[in-house]
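The residues making up each chain are set out below.
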Amino acid sequence: MSPLDFVILMALISIIAGVIGSLVGLGGGVVVVPVLTLLFHVDIRLAIGASIVSVIATSSGAAAAYVRERMTNLRAGMFLELATTTGAVTGAYLTTLLPPRALFVFFGVVLAYSGIAMYRKRHAVAPLEVSTDRISNSLNLHGSYYDEAEGREIAYRVTGTKPGLAMMYVAGMVSALLGIGSGALKVPAMDLAMHMPMKVSTATSNFMIGVTAAASAGVYFARGQINPIIAAPVAIGVLAGALVGSKMLGRIESKSIRIVFIVVLAVIAIEMFQRGIT
Amino acid sequence: MLSDAERPIDDHRVRQAELAISLVLRIGVSVSVLVIASGLGLMMANHPEYISKLSYHAITRPGASFPHSLGALIHSLARGQGRGITVLGIGLLILTPVMRVAVSIFTFIYEQDPAFVIITTIVLAILIGSFFLGGAGG
């Protein structure tokens, strides 16, 4: 296969990564990394570098639409970025100190647990009407969004900022340490700990993952893990996919988004277990 | 002074801020795609073997040569290499979220929201610090 064939094929496959990533608030690494390593036999380190670029592409491409449509909770996102960026910097420092295999297994367990907790919550869809969370009240992190599938404006209150911040810190660390899975922890943090509506959680996660990834991208670039011939088609394909996905989110029912997310979460958890054990 | 919760939110300003942030993201994404695509195009045009003969493994294997420091990137750009332009485009894409955070500081000033001006400034400082960390630690 020539480099040109590789570029075209990889760009086409990355469109799928962009659509899924923008819908469920992840970076598309779940598609990009296994495709690169298993199908194209690219070194895992270079695949992770491309995955970081894919996260930024999904985030920027989809967030442009979600912010305009007020699906993103800008204030909550900005506030939580305090924790994700700090976590990402910590992770970049720890990367040579911690055994990656044990980390993969550990986060595999965390993701599997979050998936189960999110599945249990599938029938509880009513947003909070009152919040006693002091941080969230004083910073006014509450919001509302127009749900196209339900045809009405949905107002919600945000709670659990402290456990939310803690989970975001871990999400930032994971992103820097393993290069994947940052959105996989952000969505449960907002959905489970902070009681934000599912679609707002995925849109806000989308908004945030770009900044988290950018905080570790410098390290990946300097280490020579961002090979342009691999990252370029991924970036272009994912951006195209994110444009499509961001037009779909409003129209799909929250429950379906939740189910898709849980399935993707299960796939990532299995991927992590595999890399931790083999 | 009123706290954030008590002050009436100026909807018009909030809306303008949202549109500004969305615009920054759209510009960042569009410019990066254009630069990345031109870089890829130039790479293919300068290396006819990329289109037919060569196996992609030769340039995707570990140790394949491409710029991964600022110095090497500038050198590659000066020589008009496609791979340098592609890396530049990817760099612009990576900088897009950083730009978004930087612009948010100004939108929060415009919204007269001091708490968020501080929060966003801290996030930007951490982000910029992380790039230096990358340069030094890599």
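Residues numbered from 1 in each chain as written. Chains lettered and ligands numbered in written order. Predicted model: local features only at pLDDT ≥ 70, side-chain atom pairs only at ≥ 80, totals over all residues. Heavy atoms only, no water.

**Digging into the overall build of chain A**
Helix and strand counts for chain A stand at eleven helices and two strands. Reading the helices (α) and strands (β) of chain A from amino to carboxyl end gives α-α-α-α-α-α-β-β-α-α-α-α-α. Taking 19 Å as the expected radius of gyration for a compact globule of 278 residues, we find that chain A reaches 18 Å, a close match to that expectation. Counting only C-alpha atoms, chain A reaches 55 × 40 × 30 Å along its principal axes. Relative to its 278 residues, chain A shows a buried fraction of 65%. A separation threshold of at least 6 residues defines the contact pool for chain A, and within that pool the share at least 24 residues apart is 82%. Averaged over its 20 positive side-chain charges, chain A has a centre that lies 6 Å from the centre of its 13 negative ones. (Helix = DSSP H or I, 4+ residues; strand = E, 2+ residues; numbered from the N terminus. Rg over C-alpha atoms; globule rule 2.2 N^0.38 Å. Buried < 20%, exposed > 50% of the residue type's maximum accessible area, 1.4 Å probe, protein only. Contact = heavy atoms within 4.5 Å. Lys, Arg positive; Asp, Glu negative; His and termini not counted. Charge placed at Lys NZ, Arg CZ, Asp CG, Glu CD.)

**Focus: helix α7 (residues 161-178) of chain A**
Residue and element names in this part refer to chain A. Taking 1.5 Å of rise per residue, 18 residues should cover 26 Å, and α7 covers 25 Å from first to last C-alpha, within 8% of that figure. Within the sequence span of α7, burial applies to Thr161, Gly164, Met168, Ala171, Gly172, Met173, Val174, Ser175, Ala176, Leu177 and Leu178. Two residues or fewer after α7 comes Gly179, characterised by a positive phi angle close to 75°. (Expected span 1.5 Å × (residues − 1).)

**Points about unusual backbone geometry**
Although it is not a glycine, His195 of chain A adopts a positive phi angle of roughly 60°. Note on placement: His195 of chain A falls in the loop between α8 (182-193) and α9 (198-222). Despite not being glycine, Gln112 of chain B shows a phi value in the positive range, around 55°. Position of Gln112 of chain B among the secondary structure elements: in the loop between α4 (82-110) and α5 (114-137).

**Side note on the interface of chain B and chain A**
In this assembly, 65 residues from chain B lie in contact with 60 residues from chain A. For the pairing of chain B and chain A, the buried interface totals around 5,200 Å² over both sides, and the portion due to carbon and sulfur atoms is 76%. Where chain B packs against chain A, one counts three salt bridges. A salt bridge links Asp113 of chain B to Arg75 of chain A, with the nearest nitrogen and oxygen atoms 2.7 Å apart. Put simply, chain B and chain A have 13 residue pairs in polar contact (both at pLDDT 80 or more) between them. Secondary structure elements with two or more residues in the side of chain B that touches chain A: α1 (11-46), α2 (57-60), α4 and α5 of chain B. Element by element, the count of residues in the side of chain B that touches chain A is highest for α1 of chain B, at 16 residues. Within the side of chain B that touches chain A, the residues separate by chemical class into 40 nonpolar, 14 polar and eleven charged. (Buried area = accessible area lost by both parts, 1.4 Å probe. Salt bridge = Lys/Arg side-chain N within 4 Å of Asp/Glu carboxyl O. Polar contact = N/O pair within 3.5 Å; in protein donor to acceptor, adjacent residues only side chain to side chain. Nonpolar A, V, L, I, M, F, W, Y, C, P; charged D, E, K, R; others polar.)

**Digging into α9 of chain A**
All names here are of chain A. Taking 1.5 Å as the rise per residue, α9 with 25 residues should run 36 Å; its terminal C-alpha atoms sit 36 Å apart, in good agreement. Maximum bend of α9: about 40°, positioned at Ser216. A positive phi of about 75° marks Gly224, the residue just after α9. (Bend = angle between axes of the 7 residues up to and from the residue.)

**Remarks on the nonpolar core**
Soluble globular proteins: nonpolar side chains tend toward being buried together. Core analysis: the largest hydrophobic core is formed by 123 residues, its most contacted members being Leu36 and Phe40 of chain A. In terms of residues, this core owes the most to one element, helix α3 (residues 44-68) of chain A, which gives 14 residues. Not counting residues up to four positions away in its chain, the partners in contact with Phe40 of chain A are Met1, Phe6, Leu9, Met10, Ile13 and Val35 of chain A together with Tyr56 and His57 of chain B. (Core = buried A, V, L, I, M, F, W, Y, C linked by side-chain atoms within 4.5 Å.)

**Observations concerning the pattern of salt bridges**
Taken as a whole and assessed by the stated rule, the structure comprises nine salt bridges over all chains. In this structure, Arg70 of chain A engages Glu18 of chain B in a salt bridge whose closest nitrogen and oxygen atoms are separated by 2.8 Å. Here the residue Arg70 of chain A occupies a position in the loop between α3 and α4 (74-94), and Glu18 of chain B occupies one in helix α1, the pair thus bridging two chains. The salt bridge partner of Glu150 of chain A is Arg152 of chain A, with a shortest N-O separation of 3.0 Å. Residues joined in a network through salt bridges with shared partners are Arg70 of chain A together with Arg15 and Glu18 of chain B.

**Quick word on the packing of aromatic side chains**
Residues and elements named next belong to chain A. With the rule as written, the count across this model stands at six aromatic pairs over all chains. Ring centres of Phe6 and Phe40 lie 5.1 Å apart, and the angle between their planes is 85°; on these two criteria the pair is classed as edge-to-face. With Phe6 in helix α1 (residues 3-24) and Phe40 in the loop between α2 (29-39) and α3, this residue pair connects regions lying 34 residues apart in the sequence. Just as Phe6 is buried, Phe40 falls in that class too. On the basis of an interplanar angle of 70° and a centroid distance of 5.1 Å, the ring pair of Phe106 and Phe107 is categorised as edge-to-face. With a relative accessible area of 3%, Phe107 lands in the buried category. (Phe/Tyr/Trp six-rings, centres within 6.5 Å; stacked < 30°, edge-to-face > 60°.)

**Details of empty space enclosed by the protein**
Unfilled space is identified by rolling a water-sized probe across the atoms. Following the criterion strictly, the structure yields two cavities of 30 Å³ or more and no others. Empty space within the second largest cavity amounts to approximately 30 Å³. Every element with two or more residues in the lining of the second largest cavity is listed here: α3 and α9 of chain A together with α4 of chain B. Of the residues assigned to the lining of the second largest cavity, the class counts are five nonpolar, three polar and one charged. (1 Å grid on protein atoms, 1.4 Å probe; cavity = no way out; pocket = protein on both sides within 12 Å on 5 of 7 lines; lining within 4 Å. Points joined across faces, edges and corners; volume = space filled by probe spheres on them.)

**A word on the packing of helix α3 (residues 70-78) of chain B against α4 of chain B**
Residue and element names in this part refer to chain B. α4 packs onto α3 with a crossing angle of 130° between their chain directions and a minimal axis gap of 7 Å. Of the possible angle classes, the one that applies to α3 and α4 is oblique. In the crossing of α3 with α4, the sense of the turn from one axis to the other is left-handed. The residues of α4 that touch α3, namely those facing Leu73, Ser76 and Leu77, are Arg83, Gly84, Ile85, Val87 and Leu88. Tallied by class, the residues present in the contact of α3 with α4 amount to five nonpolar, two polar and one charged. (Axes fitted to C-alpha atoms, helices over the stretch in contact; angles between N-to-C directions. Parallel < 35°, antiparallel > 145°, perpendicular 65-115°, else oblique. Left-handed = near helix turned anticlockwise from the far one by under 90°.)

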